[in-house]
Amino acid sequence: MQGLKKFDFYKRIPSDFRVQTMGGGTISMLAAVFMTLLFTLELWSFISGYESTTIIVDQDSATSIWVNFNTTLPNCHCDHVSVDVEDMLGTNVMDIQKNVEKIPLDENGDELPDLDHSHHHAAPDGHVSEEENLVANEAANKEDFKPTVLTKDTFSKYIDSNEWVFVYFGASWCHWCQKLDPIWKAAGEVLKNRGNNAITLPKVECTGDTALCQEHQVHALPTIQLFHNGHLVPPNYRGPRTVNDLVHFAENAAVSKKKAEDAQVANKGKKRGDVGCSVSGHLLVHRVPGSIQFSVKSGEHNFNREHINFTHVVHHFSFNSVPESWEEMLTVMEDESHRSLVSKWYGRTFASPKDHVVHEHYLKVVQSQLKPLGLSSEKQVYEHTISSHSYVSEALAHVRFHYDLSPMQVVKEWKRRPFYEFITNLLALIGGTFTVMGIVNEAYNGVVAKARMGKLG
């Protein structure tokens, strides 16, 4: 056993030769602090692990994904906003209603109730008899027949001086207005022949009075509005455009006013209270290149392209795998960390400074597989890049989101270093600190010794 002394790497210096100094104590305390700090950081690095990113060919066999969106159109009414989807497989679905919510907004961006217009539906058959209809048409078709036409100078005075006014905004170039003109004249004649002077049916010609129609937010033609004692009664008329239906609605105008009052949106002015629309929802689309478009559409209106403005604010736009249940879908959407990862929009505004501006957004979508440490479950998320463009077009203004899914998949895995690597680094840090501080201590003692002997100079 005595022979082992020859292999002693750690030879002990007798305590009689050791001298404790104030400087050595200070350096020792600093060494202890550094070693504790480095130990803590190394331990935290080992526990938290590190991120490893690899790119592989997309292994997902799913055929569909969800698209989630929340967009505000501050200058476009909800009446005719259409959400459309088309893709490379030939899918072309217009005016999607399922899982899409449209909420009217006032000029401050506050939500308004979507008014009930069920009373605009078809009137009972025979409310206007065939004989009444024939007499009214004959009178309306006479050359000397002069319907009431309101202009910017006469509009306000006219609706203020009549209790009930049913106004038709039209234009000579509008196909649907050309069909409505004789019907509107005949409906006015029926009311006149019935001795109903409480309500009148004038017209505004938007071709000549563009400013008046724009002031009253007439974007679609024909537009029919009801006024009571100079105040607009929302919403705009959406029922059938026949003599029978128009006369029935006009004679029951008080029903519209009562419904507006019950909804607490009875208008005290001459213009609509809603100026914008919030469009949000979830759409199930194929996992192929496609697009989602916000536009205005109607099978019974022509649109005044000069007044269509698709300035928009994108609050959220993201993609995710098809959930197992609706509850899982809500969980995904309410997870703030998930939303901030997959949606890069954060309320970005895209303005239309000119007329006829079309907005195109191009999204390159990449699926990412997230594998966290520990017992946390894996996540499949879709991240995307954004490239946006706008231009003036002869077509009606609209917003289109083009999406294209990458054939590659990103795998982000959080791994923990091997334990032997942690121990090796830990010993290196502690031993290195001890050695370096020992060198510092020797240098300090050398300087102090020379200073005592007066050899520093």
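Residues numbered from 1 in each chain as written. Predicted model: local features only at pLDDT ≥ 70, side-chain atom pairs only at ≥ 80, totals over all residues. Heavy atoms only, no water.

Student: Would you mind going over the environment of Trp 184 with me for this structure?
Tutor: Residue position: Trp 184 is located in helix 4 (residues 175-193). Separated by 18 residues in the primary sequence, Trp 184 and Pro 202 place their C-alpha atoms 8.8 Å from one another. In contact with Trp 184, not counting residues within four places along its chain, are Phe 166, Val 167, Tyr 168, Leu 201, Pro 202, Ile 224 and Leu 246. Polar side-chain contacts of Trp 184 include one of 3.0 Å to the backbone oxygen of Leu 201. Of note is the side chain of Trp 184, whose polar atom sits 3.3 Å from the backbone oxygen of Pro 202. (Helix = DSSP H or I, 4+ residues; strand = E, 2+ residues; numbered from the N terminus. Contact = heavy atoms within 4.5 Å. Polar contact = N/O pair within 3.5 Å; in protein donor to acceptor, adjacent residues only side chain to side chain.)

Student: Got a minute to help me understand the state of the cysteines in this structure?
Tutor: Here, disulfide denotes a covalent bond that connects the sulfur atoms of two cysteines. Summed over all chains, the structure comprises 2 disulfides. Paired by a disulfide, Cys 78 and Cys 277 hold their sulfur atoms 2.0 Å apart. A torsion of 105 degrees about the S-S bond marks the disulfide between Cys 78 and Cys 277 as right-handed. Of this pair, Cys 78 sits in the loop between strand 2 (64-73) and strand 3 (81-87) while Cys 277 is found in strand 13 (residues 276-286), placing the two residues 199 residues apart along the sequence. Look at Cys 277 and you get buried, because its relative accessible area is 0%. Disulfide pairing places Cys 206 opposite Cys 213 at an S-S distance of 1.9 Å. With the S-S dihedral at roughly -90 degrees, the linkage between Cys 206 and Cys 213 falls on the left-handed side. With relative accessibility at 1%, the residue Cys 213 sits in the buried group. Cysteine pairing for the protein (bonded cysteines numbered in sequence order): 1-4, 2-3. (Disulfide = S-S within 2.5 Å. Buried < 20%, exposed > 50% of the residue type's maximum accessible area, 1.4 Å probe, protein only.)

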